[in-house]
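# Tertiary structure, described
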Amino acid sequence: MSSWIAVSRTEHANKHWRPRSGYEFAAAQQAVSVVVAELSKLLPHYAMGFLQAEDGAYQLIALLGLGSGQNLYVTDNHQWLCSYVPAAMRAFPFALHNDPAANRVFCIYDTHLNDDDSLPRLVNADGELDKLVAESLDFITQCEQNRLVTTAACAALASAGVIEPWPVSINRPQPQEPLQINGLCRINEEALGKLDADVFAGLRTSGALAVAYAQLLSMNQLSVLERLDQFHSEIVSQQPANSGLGNVGFSLSEDEGSLMFD
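Residues numbered from 1 in each chain as written. Predicted model: local features only at pLDDT ≥ 70, side-chain atom pairs only at ≥ 80, totals over all residues. Heavy atoms only, no water.

### A few points about the overall build of the chain
Counted only if it meets this: Here a strand is any run of E in DSSP of at least two residues, a helix any run of H or I of at least four, and the numbering for each starts at the N terminus. Buried, partly exposed and exposed residues are distinguished by accessible area as a fraction of the type maximum, computed with a 1.4 Å probe on protein chains only: under 20%, between the cut-offs, and over 50%, respectively. What makes two residues a contact is simply this: any of their non-hydrogen atoms within 4.5 Å. Calculation of accessible area relied on Shrake-Rupley with a 1.4 Å probe; when residues are assessed, cover is drawn exclusively from the protein chains displayed.
The helix and strand tally for the chain stands at eight helices and 12 strands. A total of 262 residues make up the chain; the buried ones form 40% of that total. Long-range pairs, those at least 24 residues apart, make up 72% of the contacts in the chain with a sequence separation of at least 6. Approximately 13,700 Å² of the chain is accessible, and the part contributed by carbon and sulfur atoms is 50%.

### A closer look at the sheet that holds strand 7 (residues 104-109)
Definition in use: Two strands qualify as a pair provided that DSSP identifies no fewer than 2 bridges between them. For every element, the axis is a line fit to its C-alpha atoms; helices are fit only across the contacting stretch, and the angle between N-to-C directions ranges from 0 to 180 degrees.
The antiparallel open sheet is built from three strands, whose spatial order is 1-7-6. The open sheet terminates on both sides in strands that have one partner only, identified here as strand 1 (4-6) and strand 6 (94-98). Geometrically, the sheet is characterised by an average inter-axis angle of 50° between neighbouring strands, direction not taken into account. Direction of pairing for strand 1 relative to strand 7: antiparallel, over a ladder of three bridges. Among the inter-strand pairings, Ala6 is bridged to a residue of strand 7, identified as Cys107.

### Comments concerning the confidence of the model for the chain
To keep things clear, this is the line we draw: The predictor rates its confidence in each residue with pLDDT, a number between 0 and 100.
Per-residue confidence for the chain gives a mean pLDDT of 89; residues scoring 70 or more make up 89%. Averaged over each element, pLDDT in the chain is lowest for helix 8 (residues 245-248) (42) and highest for strand 12 (residues 185-187) (98). When the criterion is pLDDT under 50, residues 239-250 qualifies, and its contacts beyond four places in sequence or with other chains add up to 17 contacts.

### Focus: the nonpolar core
For the record, the criterion: The definition of a nonpolar core used throughout is a set of buried Ala, Val, Leu, Ile, Met, Phe, Trp, Tyr and Cys residues joined through side-chain atoms within 4.5 Å.
Membership of the largest hydrophobic core comes to 68 residues, with the highest contact counts inside it found for Tyr46, Phe50, Tyr73, Trp80, Leu157, Ile187 and Leu192. Top element by residues in this core is helix 3 (residues 131-159). It accounts for seven residues. With residues near it in sequence (within four places) discarded, Leu192 still touches Val162, Ile187, Phe200, Leu203, Leu209, Ala212, Tyr213 and Leu216.

### Some thoughts on the pattern of salt bridges
This is how the line gets drawn: By definition, a salt bridge exists where a carboxyl oxygen of Asp or Glu is found within 4 Å of a side-chain nitrogen of Lys or Arg.
All told, the structure shown has six salt bridges when counted by the stated rule. For Arg186, the salt bridge identified is with Glu164, shortest N-O distance 2.9 Å. Here Glu164 lies in strand 9 (residues 163-165) and Arg186 lies in strand 12, a separation of 22 residues in the sequence. Judged by relative accessible area, which is 22%, Glu164 ranks as partly exposed.

Take a look at the structure:
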C-alpha cells in the first residue's frame, strides 16, 4: 500500500523522484480542498461547497464527482478536463502531512521515490533540496498559508450562522431518477442578507464575504458536472466522438507542472 514519506536531506541524498505524468492519482477523488487565492480561477469551472469535519470546522471544497468513485474532470488517459487545475492537485507527488508530534512535514508519495539516476534528484550536491523540489515546497507552503486564511474565513461564516446543509440534486438522463448528494453545505443567502451591519462588515474586512459570494455563484456550475457525467457516459457507451469535448465545453489543462495560482 502506497504512503507518504518525509523528505530527508540526509536519508535521500542519493535518491531521485518521478514527476507525475498526469492525474491518475486523483482519478477517484470526489472533492478537493480549495483556497481563497484561487477563487477567481475556480469560479468558471467548479461548484464549490463546504464540508464539516468531526470537530465542527468547515472546509471549502470544489466538487469533482457525483459519488460514483469517478473524478469527472479526469480523462481515461489521466488528463484534466479543464483549463484550471486546483492548486492542491498540482504539487503531487509532494505534500505537507502531520508527523506523530502534529508538526507539518514535507513529504513525497513513496511510489515516486526512485533510484533511477536519469530522473531528477531530490537533494543536490550541496545537500539542499534540488531546484524543482524546492519550488514544490515553496508552492505547497504558499498553499498552506492560504489554507489557514481560508479556514479562518469558513469559521467566521459559521460563527455568523450563514452556513446551512445543501441537499444537491443532479438531473440524470431519462428514465434515471435525479441523483441526490448529501453531506454538503452552502451559504444561506437570505441569512447572509439579514446579518447585523457590524457582523456583515466584519465578514467583509476579514475576506470571508468573498468566500460566501464565491460559493453562492459557483452553485451554477453544477451543470458542468452534469455535462461531464454525460460526456463520460457517452464515452463508455462508445457513442460518436463528435458528442465529446466540444459539446461539453472543456479543454484539456495546459498548466502541466505549473506551480502557481494562475
